[in-house]
Number of protein chains: 2
Amino acid sequence: MKIAKTIESIRCLIKAARRAGKTIGFVPTMGALHTGHISLIEAAKENCDFVVVSIFVNPTQFGPKEDFKKYPRPLEADLKMCRKAGVDVVFPPTPHQMYPAENLTWVNVEKLSEPLCGKFRPGHFRGVATVCAKLFNIVLPDIAYFGQKDAQQAIIIKQMVADLNMPLKIVVCPTVREKNGPAMSSRNQYLTPQQKKDAAFIYKSLQKCRQMIKQGVRNTKKITAEMRKVLRRIPSAEIQYVSIVDAETIQNIDKVAGKVLVAVAVKIGLIRLIDNIIIDTGK
Amino acid sequence: MKIAKTIESIRCLIKAARRAGKTIGFVPTMGALHTGHISLIEAAKENCDFVVVSIFVNPTQFGPKEDFKKYPRPLEADLKMCRKAGVDVVFPPTPHQMYPAENLTWVNVEKLSEPLCGKFRPGHFRGVATVCAKLFNIVLPDIAYFGQKDAQQAIIIKQMVADLNMPLKIVVCPTVREKNGPAMSSRNQYLTPQQKKDAAFIYKSLQKCRQMIKQGVRNTKKITAEMRKVLRRIPSAEIQYVSIVDAETIQNIDKVAGKVLVAVAVKIGLIRLIDNIIIDTGK
């Protein structure tokens, strides 16, 4: 496994892989890798000849009061996991390499960036879209892999790729969960053992929704009210949103119909956790 | 010369050229080609193996009260000029091909898009940056060519390419002028013979500036006042701006120093004309 420490060196390795006729799979990450990331790498390994993983805690997607500084950066452990997973190149640039001067150019995906997490993290998705555009232009992959856990991010990146005619395909892989339900997240490690147990109610609230829809309930207010009841069983939980939205436009809906995204954001203590499921009612 | 009428067909031709080891030069235009465009094609021919010209009157860079609908579209004449100039492929997409659905993703280059023309054409440079990002992603050129006549556009596109790590080089070619001075522009054809004569005062105002700087004048207010006097000799001219700015940041300056951009926008009747020169005072 190679470690490309500069933009020039990753470009050089990519060029060589291209010249050798290889297809390039790309998994952009912020590091602190877990089984969820590994599932993305495995998907890339399955479909591409040459797999690149970037590890970059992107400053422009964190708000001024968010956890940019204390976000975990266990580079050695990450490299070990990448090596074990059969990654070809890891690209762990420094903030200075990615933003050598004041960044003036921003990619913004309107409408899709505003609801759900966008409401609680202003500027977050502008930072995500911009850094993904940059990374795509550096790595020039055939396919880039994202996790369903960050549902809104995946929808925004897909829209950006389509709107800007970017020459790559986005593949979204299923959320990988802890044994007791919670979606894998680099932020889970901040939780106390009790909070980890409590976090199970997040996925339970989503299952509650699935169950109600199965039983024929279609009124989204009725469903989210029941979901909130489940979430309130977490002591000290601050519910940011409990939303049932159209799975493509992520706009609010009154009645469940077609493919819907059920998404939840909850703060347990200082730790913000998100989770979601997609339910296809087939109409 | 080939004419690629769809995104799929241009991608296919580009892929074949790449496979043949050719370097790709790209000249994005809005058509109504003139000698200025041809000079860009010639520069591309000189440095690249395979030259692509796009012809697309981009709706998203026109304001609601601007001349999108009546902008000239002499496609047959344009194709003839491209053929004569030795272009390999012309790409003249329809608006529907470029914007098949509502476009949600916008590329915005902050600060550089706001002064000069940006003040009079809100949203213009956002549309320009976005369509250039799209075209670059479709054509994937090694080098793209722009004219110095649209100085602010060239600065913005260069910044976008640098900020987003786009894998291409931007080359800016000198302004080509009519015999009596005015910069070549597709909009010149709207002018009456008298207005064409009057338009000469635009370049004369720039020459006035060059002369004053040569004589040692450094106070920008003093210089622009004299330039305005020259421009006022055009009957019915509406001066939009007469600016001396830093050639890189395009921010206003009080004293001429280093490399400066001297830029003018004037409406003669309904026709908006722009022109500029760069003066390097060497400090």
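Owing to the predicted nature of the structure, the values given are computational and were not obtained by experimental measurement.

A few words now on the overall build of chain A. Secondary structure summary: chain A contains 10 helices and 10 strands in total. Whereas a compact globule of 283 residues would reach a radius of gyration of roughly 19 Å, chain A reaches 19 Å, a difference of no more than 12%. Projected onto its principal axes, the C-alpha positions of chain A cover 55 × 40 × 40 Å. Taking as baseline every contact in chain A between residues at least 6 positions apart, the subset at least 24 positions apart corresponds to 69%.

Residue and element names in this part refer to chain B. Between the first and last C-alpha of helix α2 (residues 35-47) there are 19 Å, a value that for 13 residues agrees with the 18 Å anticipated at 1.5 Å per step. Within α2 the residues assigned to the buried category are Gly36, His37, Leu40, Ile41 and Ala44. Projected down its long axis, α2 shows its buried positions confined to an angular sector of 145 degrees, all on one face. Exposed residues lying more than 90 degrees from the buried face of α2 are Thr35 and Glu46. Buried positions along α2 lie against β2 (24-29), β3 (50-55), α3 (75-85), β6 (143-147) and β7 (169-173).

Looking now at the domain arrangement of chain A. Many analyses report the size of an interface as the accessible area lost when the parts associate. Residues and elements named next belong to chain A. In terms of domain boundaries, chain A breaks down into domain 1 (2-173) and domain 2 (186-278). The distance between the C-alpha centroids of domain 1 and domain 2 comes to 26 Å. Each partner contributes residues to the interface: domain 1 has 13 residues there, and domain 2 has 13 residues. Elements with a contribution of two residues or more to the side of domain 1 that touches domain 2: α5 (117-120) and α7 (151-163). When residues of the side of domain 1 that touches domain 2 are assigned to their parent elements, the largest contribution, three residues, is made by α7.

Taken together, the 23 residues of chain B in the interface contact 23 residues of chain A. Secondary-structure elements contributing two or more residues to the side of chain B that touches chain A are β5 (105-109), α6 (124-139) and α7 (151-163) of chain B. For the side of chain B that touches chain A, the element with the highest residue contribution is β5 of chain B, accounting for five residues. In terms of residue class, the side of chain B that touches chain A is built from 13 nonpolar, six polar and four charged. The sheet contact formed by strand β5 (residues 105-109) of chain A and β5 of chain B spans five bridges and is antiparallel. Along β5 of chain B, the bridge assignment pairs Val109 of chain A with Thr105 of chain B.

On to the pairing of β3 of chain B, then. All names here are of chain B. With respect to burial, β3 is a largely interior element, six of its six residues being buried. Burial along β3 is two-sided: the face carrying Phe50, Val52 and Ser54 and the face carrying Val51, Val53 and Ile55 are both buried. By the bridge criterion, six bridges tie β2 to β3 in an arrangement that is parallel. Paired with Ile24 across the two strands is Phe50, which belongs to β3. Between the parallel elements β2 and β3, the chain passes through α2 in a crossover that is right-handed. Here three bridges tie β3 to strand β4 (residues 89-91), and the two strands are oriented parallel to one another. Bridging from a neighbouring strand, Ser54 pairs with Phe91 of β4. Running through α3, the crossover from β3 to the neighbouring parallel element β4 is right-handed.

Right, let's talk about the relation of the copies chain B and chain A for a bit. The transform that puts chain B on chain A rotates by 180 degrees and translates by 0.0 Å along the axis, for an RMSD of 0.0 Å. What the rotation and shift describe, once combined, is the action of a two-fold rotation axis. Of the C-alpha atoms belonging to chain B, the one lying closest to the rotation axis is found on Val107 of chain B, 2.3 Å away. By residue overlap, the copies meet face to face through one surface: 100% of the interface positions of chain B are interface positions in chain A.

It is worth spelling out the sheet that holds strand β1 (residues 2-3) of chain B at this point. Residues and elements named next belong to chain B. Across the sheet, six strands lie side by side as β1-β4-β3-β2-β6-β7; this open sheet has parallel pairing. The open sheet has two edge strands, β1 and β7, and neither has a second partner. Against the sheet, helix α1 (residues 7-19) touches β1, β2, β3 and β4, its axis set at about 150 degrees to β4. Here α7 sits on the sheet and contacts β6 and β7; the angle it forms with β7, its principal contact strand, is near 165 degrees.

Looking now at the packing of α6 of chain B against α7 of chain B. Each pair of packed helices gets described by two things: the angle between the helix axes and the distance between those axes. Residue and element names in this part refer to chain B. One can describe the packing of α6 onto α7 by two numbers: an axis separation of 10 Å at closest approach and a directional angle of 50 degrees. What the angle tells us is that α6 and α7 run oblique. In the packing of α6 onto α7, the handedness of the crossing is right-handed. Together, Phe125, Val128, Ala129, Cys132 and Ala133 of α6 and Gln153, Ile156, Ile157 and Met160 of α7 make up the contact between the two elements.

Residue and element names in this part refer to chain B. What the three strands build is an open sheet, ordered β8-β9-β10; its pairing is antiparallel. The sheet is open, and its two borders are formed by β8 (237-246) and β10 (271-280), each paired with just one other strand. Ignoring which end each strand starts from, the neighbouring axes of this sheet average 10 degrees apart. In the sheet, β8 pairs with strand β9 (residues 259-268) via nine bridges, with the strands oriented antiparallel. The residue bridging Asp246 from the neighbouring strand is Val260, located in β9. Here helix α9 (residues 200-214) sits on the sheet and contacts β9 and β10; the angle it forms with β10, its principal contact strand, is near 20 degrees.

Residue and element names in this part refer to chain B. For β9, the buried fraction is high: eight of the 10 residues fall into the buried class. Bridge count between β9 and β10: 10 bridges; the pairing is antiparallel. Paired with Val262 across the two strands is Ile277, which belongs to β10. Where β9 hands over to β10, the hairpin turn is made up of two residues, of which Gly269 adopts a positive phi near 60 degrees.

Rules used in this analysis
- Residues numbered from 1 in each chain as written.
- Chains lettered and ligands numbered in written order.
- Predicted model: local features only at pLDDT ≥ 70, side-chain atom pairs only at ≥ 80, totals over all residues.
- Helix = DSSP H or I, 4+ residues; strand = E, 2+ residues; numbered from the N terminus.
- Rg over C-alpha atoms; globule rule 2.2 N^0.38 Å.
- Contact = placed C-beta atoms within 7 Å.
- Expected span 1.5 Å × (residues − 1).
- Buried ≥ 20, exposed ≤ 12 C-beta atoms within 10 Å, placed from the backbone.
- Arc of directions from axis to C-beta.
- Domains from an automatic or database assignment.
- Nonpolar A, V, L, I, M, F, W, Y, C, P; charged D, E, K, R; others polar.
- Pairing = 2+ DSSP bridges.
- Right-handed = clockwise from strand over helix to strand, strands pointing away.
- Least-squares fit on C-alpha atoms with pLDDT ≥ 70 in both.
- Axes fitted to C-alpha atoms, helices over the stretch in contact; angles between N-to-C directions.
- Parallel < 35°, antiparallel > 145°, perpendicular 65-115°, else oblique.
- Left-handed = near helix turned anticlockwise from the far one by under 90°.

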